[in-house]
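So you can see what is in the structure, the chains are spelled out below.
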Amino acid sequence: MKRIVTIQDISCLGKCSLTVALPIISAMGVECAIIPTAVLSTHTMFKNFTFHDLTQEIEPIVDHWKKEEISFDAVYTGYLGSFEQIEIVSGVFEKLKEKGSLICVDPAMADNGKLYPAFDEAFALKMAELCANADYVLPNITEAAFMTGTEYKERYDEEYVRTLILALADKGARNVILTGVSFEEGKTGAMSYSSAKGEFSYYCHEKLPVSYHGTGDIFSSAFVGALMNGHTPYEAVAVAADYTAECIRVTLGNGKEKWYGVDFEECIPYLVKRMEM
């Protein structure tokens, strides 16, 4: 059985970060160890949530694992809340990466043309440095724009998307998967680039008329799980995109609030079957 570790915060209630990564990756038949960077009573779309920073716990956890000679097939990072956490996680990559293991970074920090409230442009550039050490980087268009110092465009063409991707690749990212890419009405998907092959690929599906909190975490988690199951990067993008779309479709039918998150649990049987296609 493959074993990965994912490093991100955990919301005790709400569907994002470790709360989705752990069950999704486990359901895909991959052991999922965790390093929580913070614990929150709920995700941040709730009011008056509690927050406890766990930055000081990251290195002792990793050092204990090293003493126990525990190895991982991949390290997958999600939301990181500070410059210090980025710096520490960069060191974690050095400690945990072994021959054949993968580093996957979801630079969760922005969407819809804006950085999250706690971050600024300097933080985005620091995150770009972390991405330079990754085998796979999974930003949305907003995150890619901030990390590369490129103007964000709500309306764009394929040339703009390729420019964003190549700018990230030039910083060192070996494979870039840019999510939320749409070139035609009613369709959305992800464009990928392999620096080693110099090749682009694009996978798209139906664009549903709604967006939900936490779907980026779901996509990244499913992508990593599919990679660990031996899927090619293109196949892993297709699995992750189709699963995320199915989660949105089911949740839309259930009439849930957009800010709460999607009913990804209900769609796990779909995910398992989708991996076999």
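By convention here, each chain's residues receive numbers from 1 onward along its written sequence. Residues qualify for local features only when their pLDDT is at least 70, as the model is predicted, and side-chain atom pairs are given and counted only at 80 or more; totals for whole chains, interfaces and linings, by contrast, use all residues. Only hydrogens and water are set aside; all other atoms, that is, all heavy atoms of the structure, feed into the side-chain values.

Novice: Hey, could you go over the packing of aromatic side chains for me, with residue numbers and the actual values?
Specialist: One pair of aromatic rings is described through two measures. These are the centre distance and the angle between the planes. To pair, rings of Phe, Tyr and Trp, with the six-membered ring standing in for Trp, must have centres within 6.5 Å; the planes then decide the type, stacked if under 30 degrees apart, edge-to-face if over 60, and tilted in the middle. With the rule as written, the count across this model stands at 15 aromatic pairs. Residues F46 and W259 carry aromatic rings whose centres are separated by 4.9 Å and whose planes lie at 90 degrees to one another, so their mutual orientation is edge-to-face. Residue F46 is found in the loop between strand 2 (31-40) and strand 3 (51-53), and its partner W259 is found in the loop between helix 8 (233-254) and helix 9 (268-275); the two are separated by 213 residues along the sequence. The exposure class of W259 is partly exposed, given its relative accessible area of 34%. Seen in terms of ring centroids, F46 and Y260 are 5.9 Å apart; in terms of plane orientation they differ by 75 degrees. Their pairing is edge-to-face. Placement of F46 in the loop between strand 2 and strand 3 and of Y260 in the loop between helix 8 and helix 9 is noted, with a sequence separation of 214 residues between them. We call a residue buried when its accessible area falls under 20% of the maximum for its residue type, exposed when it is over 50%, and partly exposed in between, using a 1.4 Å probe and counting protein chains only. Residue F46 is classed as partly exposed on the basis of its relative accessible area of 21%. Only DSSP runs of H or I covering at least 4 residues are called helices, and only runs of E covering at least 2 are called strands; the numbering of each starts at the N terminus.

Novice: Can you lay out the pattern of salt bridges for me, pointing to particular residues and giving the numbers?
Specialist: The term salt bridge refers to a side-chain nitrogen of Lys or Arg lying within 4 Å of a carboxyl oxygen of Asp or Glu. Within this structure, the stated rule accounts for 13 salt bridges. Linking R162 and E158 is a salt bridge whose minimum nitrogen-to-oxygen distance equals 3.0 Å. Of the two residues, R162 and E158 both sit in helix 6 (residues 158-170), 4 residues apart, roughly one turn of that helix. Here E206 and R249 are joined by a salt bridge, their closest N and O atoms 3.5 Å apart. Taken together, the residues E206 in strand 11 (residues 199-206) and R249 in helix 8 connect sequence positions 43 residues apart. Connected via shared salt-bridge partners are K15, K256, D263 and E265.

Novice: Explain the environment of I58 residue by residue, including any values.
Specialist: Relative to the helices and strands, I58 resides in helix 2 (residues 55-67). You can call I58 buried: its relative accessible area is 0%. The spacing of I58 and V137 is 79 residues in sequence and 21 Å in space, taken between C-alpha atoms. Apart from the residues lying within four places of it in its own chain, the contact partners of I58 are I35, T37, Q85, I88 and V92. In what follows, a contact means two residues having at least one pair of non-hydrogen atoms within 4.5 Å.

Novice: Go over the state of the cysteines with me, naming the residues and quoting the values.
Specialist: When two cysteine sulfur atoms lie within 2.5 Å, the pair is treated as a disulfide. This structure, assessed with the given rule, holds 0 disulfides. C204 takes part in no disulfide bond, and the closest cysteine sulfur, belonging to C247, lies 19 Å away. In this model C267 remains outside any disulfide bridge; the closest cysteine sulfur is found in C247, 4.2 Å from its own.

Novice: How would you explain the pairing of strand 11 if you had to name every residue and give the values?
Specialist: Note: strand 10 (residues 187-194) against strand 11, 8 bridges, orientation antiparallel. Of the residues in strand 11, the one forming a bridge with A190 is Y203. DSSP calls a pair of strands paired once it identifies at least 2 bridges connecting them.

Novice: Give me the pairing of strand 4 (residues 74-77): which residues, what numbers.
Specialist: Burial along strand 4 is two-sided: A74 and Y76 facing one way and V75 and T77 facing the other are all buried. In the sheet, strand 1 (residues 3-11) pairs with strand 4 via 4 bridges, with the strands oriented parallel. Within strand 4, the residue paired with I7 across the bridge is T77. Judged from the 4 bridges that link them, strand 4 and strand 5 (residues 102-105) form a sheet pairing that is parallel. The residue of strand 5 that forms the bridge with Y76 is C104.

Novice: Break down the nonpolar core for me, with residues and values.
Specialist: Counting residues in hydrophobic clusters, the biggest one holds 47 residues, and the most contacted among them are V5, I7, M109, M127, L130 and L178. With sequence-adjacent residues up to four places away left out, L130 is seen in contact with T77, L80, I86, V89, S90, F93 and V105. For this analysis, a nonpolar core means a set of buried residues of the types Ala, Val, Leu, Ile, Met, Phe, Trp, Tyr and Cys, connected via side-chain atoms within 4.5 Å.

Novice: Outline the layout of surface pockets, listing residues and values.
Specialist: Empty space among the atoms becomes visible once a probe the size of a water molecule is rolled across them. Quantified by volume, the second largest pocket comes out at close to 240 Å³. Throughout, the protein atoms alone are placed on a 1 Å grid, and a set of points is a cavity if a 1.4 Å probe fits but cannot get out or a pocket if it is open with protein on both sides within 12 Å along at least five of seven lines; lining residues have an atom within 4 Å of a point. For the second largest pocket, the lining is made up of 14 residues, of which N175, S194, S201, P233 and Y234 are closest to its centre. Listing elements by their share of the lining of the second largest pocket, those giving two or more residues are strand 9 (175-181), strand 10, strand 11 and helix 8. Grid points are joined across faces, edges and corners, and a volume is the space filled by probe spheres set on the points.

Novice: If you had to explain the environment of T188 to someone new, which residues and values would you point to?
Specialist: On the secondary structure map, T188 appears in strand 10. T188 sits 16 residues away from G172 along the chain, and the two C-alpha atoms are 26 Å apart. Discounting residues that sit within four places of it in the chain, T188 has contacts with G180, V181, S182, Y202, Y203, C204, H205, E206 and K207.

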